[in-house]
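# Close look at the chain arrangement
Below are the chains, spelled out letter by letter.
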Amino acid sequence: MRLDKLLGQAGYGSRNQVKKLIRSRQVYVDGVLAEQDNLNVDASLQTITVSGKELEHAPEVYYLMNKPSGVVSARKDKEHQTVIDLIRPEDQREGLYPVGRLDRDTEGLVLITNNGPLGFAMLHPRYHVAKIYYVEVNDVLGPDAPAFFESGVVFEDGTICKPAQLEILSSASDKSCAQITISEGKFHQVKKMFLAYGVKVTYLKRISFGDFVLDEKLPRGSYRPLTEEEKSILKRYLN
Ligand code: URA
């Protein structure tokens, strides 16, 4: 990030005020006088001092979002609105990204952070993070369905899924509702699993991701910061 932008975000004033600060020879990067405001710096890797005071590394942020349908789980997209576009300007941070991906038409829980290693750790197969989805399909889910999902669904291309737990909430010839728990994150996994059973997913919503549960009071398209208690859960993944 540019030095002037970083200092602005750290509370050192407007762009002009920050420029003056740099020109008045009060800013050092790793002990070297910073002479240009467009210097590319990284506060998590470098020591930046302003008037002799060390700049504190901006703390990471963690948001839990209720993603609406139609929005992509990516940082940027040429065509569609992204989950990062839904973050208010005052909550924006350099490097914000969604942990894992939901399809554009899938709703529900997405964690968003600027903590780079966290996403890698939480998505690592070693942790088997359980994800629970609420699913609606276009046909009957018979009494054989839970065993079908538990035995490891096999996709058309031979991909074998880990056992998944299915709880049928209602079943009818035009619409059935269920909850499914999976511990992997294959592309379109839930939709493909139901396809392998012979039905089509018509609505999909992620209601939990590990210990994080979607708060039903959180309106679609809204987000909230993680609580201190929730943040302490994350330490498990970062050690
Ligand atoms: N499985 C899917 O098929 N889609 C999602 O968005 C998430 C899981």
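Please read all numbers here as calculations on a predicted model, not as lab measurements. (Residues numbered from 1 in each chain as written. Predicted model: local features only at pLDDT ≥ 70, side-chain atom pairs only at ≥ 80, totals over all residues. Heavy atoms only, no water.)

Now for the overall build of the chain. A count of helical and extended segments in the chain gives six helices and 13 strands. Relative to the compact-globule value of 18 Å for 239 residues, the chain shows a C-alpha radius of gyration of 23 Å, a clear excess of over 25%. In the chain, which comprises 239 residues, the share counted as buried stands at 42%. Sequence separation of 24 or more characterises 62% of the internal contacts of the chain that already satisfy a separation of 6 or more. Approximately 13300 Å² of the chain is accessible, and the part contributed by carbon and sulfur atoms is 50%. Positive and negative side-chain charges of the chain, numbering 32 and 32 respectively, have mean locations separated by a distance of 6 Å. (Helix = DSSP H or I, 4+ residues; strand = E, 2+ residues; numbered from the N terminus. Rg over C-alpha atoms; globule rule 2.2 N^0.38 Å. Buried < 20%, exposed > 50% of the residue type's maximum accessible area, 1.4 Å probe, protein only. Contact = heavy atoms within 4.5 Å. Areas by Shrake-Rupley, 256 points an atom, 1.4 Å probe, with all protein chains shown as cover. Lys, Arg positive; Asp, Glu negative; His and termini not counted. Charge placed at Lys NZ, Arg CZ, Asp CG, Glu CD.)

This next bit is on the domain arrangement of the chain. The accessible area lost on association of the parts is a frequent measure of interface size. Per the domain assignment, the segments of the chain are domain 1 (3–54), domain 2 (62–125 + 212–237) and domain 3 (130–209). Centre-to-centre separation of domain 2 and domain 3, based on C-alpha positions: 23 Å. Contacts between the two partners involve 17 residues from domain 2 and, on the opposite side, ten residues from domain 3. Both sides together, the interface formed by domain 2 and domain 3 hides about 1200 Å², and carbon and sulfur atoms give 47% of it. Among the residues of domain 2 in contact with domain 3, Asp103, Glu107 and Leu109 are the three that bury the most area, contributing 36% of the side total. There are three salt bridges connecting domain 2 and domain 3. Where lysine 205 meets glutamate 216, a salt bridge forms, and the shortest distance between an N and an O atom there is 3.7 Å. Counting the contacts that link domain 2 with domain 3 gives nine residue pairs in polar contact (both at pLDDT 80 or more). Of the residues assigned to the side of domain 2 that touches domain 3, the class counts are ten nonpolar, two polar and five charged. (Domains from an automatic or database assignment. Buried area = accessible area lost by both parts, 1.4 Å probe. Salt bridge = Lys/Arg side-chain N within 4 Å of Asp/Glu carboxyl O. Polar contact = N/O pair within 3.5 Å; in protein donor to acceptor, adjacent residues only side chain to side chain. Nonpolar A, V, L, I, M, F, W, Y, C, P; charged D, E, K, R; others polar.)

Moving on to the nonpolar core. Formed by 33 residues in total, the largest nonpolar core has its most connected members in Ile112, Val135, Phe149, Ile180, Met193 and Phe194. For this core, the domains that each give at least three residues are domain 2 (62–125 + 212–237) and domain 3 (130–209). Other than its neighbours up to four places away in sequence, isoleucine 180 contacts Lys131, Ile132, Tyr133, Val135, Phe149, Ala164, Gln165, Leu166, Val190, Met193 and Phe194. By size, the runner-up hydrophobic cluster in this structure holds 18 residues, among which are Leu64, Leu214, Leu218 and Tyr237. (Core = buried A, V, L, I, M, F, W, Y, C linked by side-chain atoms within 4.5 Å.)

Around the ligand lies a shell formed by Leu102, Asp103, Thr106, Tyr133, His188, Gln189, Val190, Lys191 and Leu204. At 2.7 Å from an oxygen atom of the ligand is found a main-chain nitrogen or oxygen belonging to aspartate 103. One of the side-chain N or O atoms of threonine 106 is found 2.8 Å from an oxygen atom in the ligand. The fraction of the free accessible surface of the ligand (240 Å²) that becomes covered by protein chains is 96%. Tallied by class, the residues present in the shell around the ligand amount to four nonpolar, three polar and two charged. (Near = heavy atom within 4 Å.)

Moving on to the pairing of strand S10 (residues 176–182). With five of its seven residues buried, S10 lies for the most part within the structure. One ladder, built from five bridges, connects strand S9 (residues 165–170) with S10; its direction is antiparallel. Considered in S10, the bridge of leucine 166 is made with isoleucine 180. Between the end of S9 and the start of S10, which pair antiparallel, lie five residues. (Pairing = 2+ DSSP bridges.)

Looking now at the pattern of salt bridges. For side chains of opposite charge, pairing can occur when their charged atoms come near one another. What the rule picks out here adds up to 17 salt bridges. A salt bridge links glutamate 136 to lysine 175, with the shortest nitrogen-to-oxygen separation between them at 3.6 Å. On the criterion of sequence distance, the pair formed by glutamate 136 in strand S8 (residues 131–137) and lysine 175 in the loop between S9 and S10 is long-range, its members being 39 residues apart. By relative accessible area, glutamate 136 is classed as buried at 15%. Residue arginine 224 is joined to glutamate 230 by a salt bridge in which the shortest nitrogen-to-oxygen separation is 2.8 Å. In the salt-bridge network here, residues are joined through shared partners; they are Arg2, Asp4, Arg15, Arg23 and Asp37.

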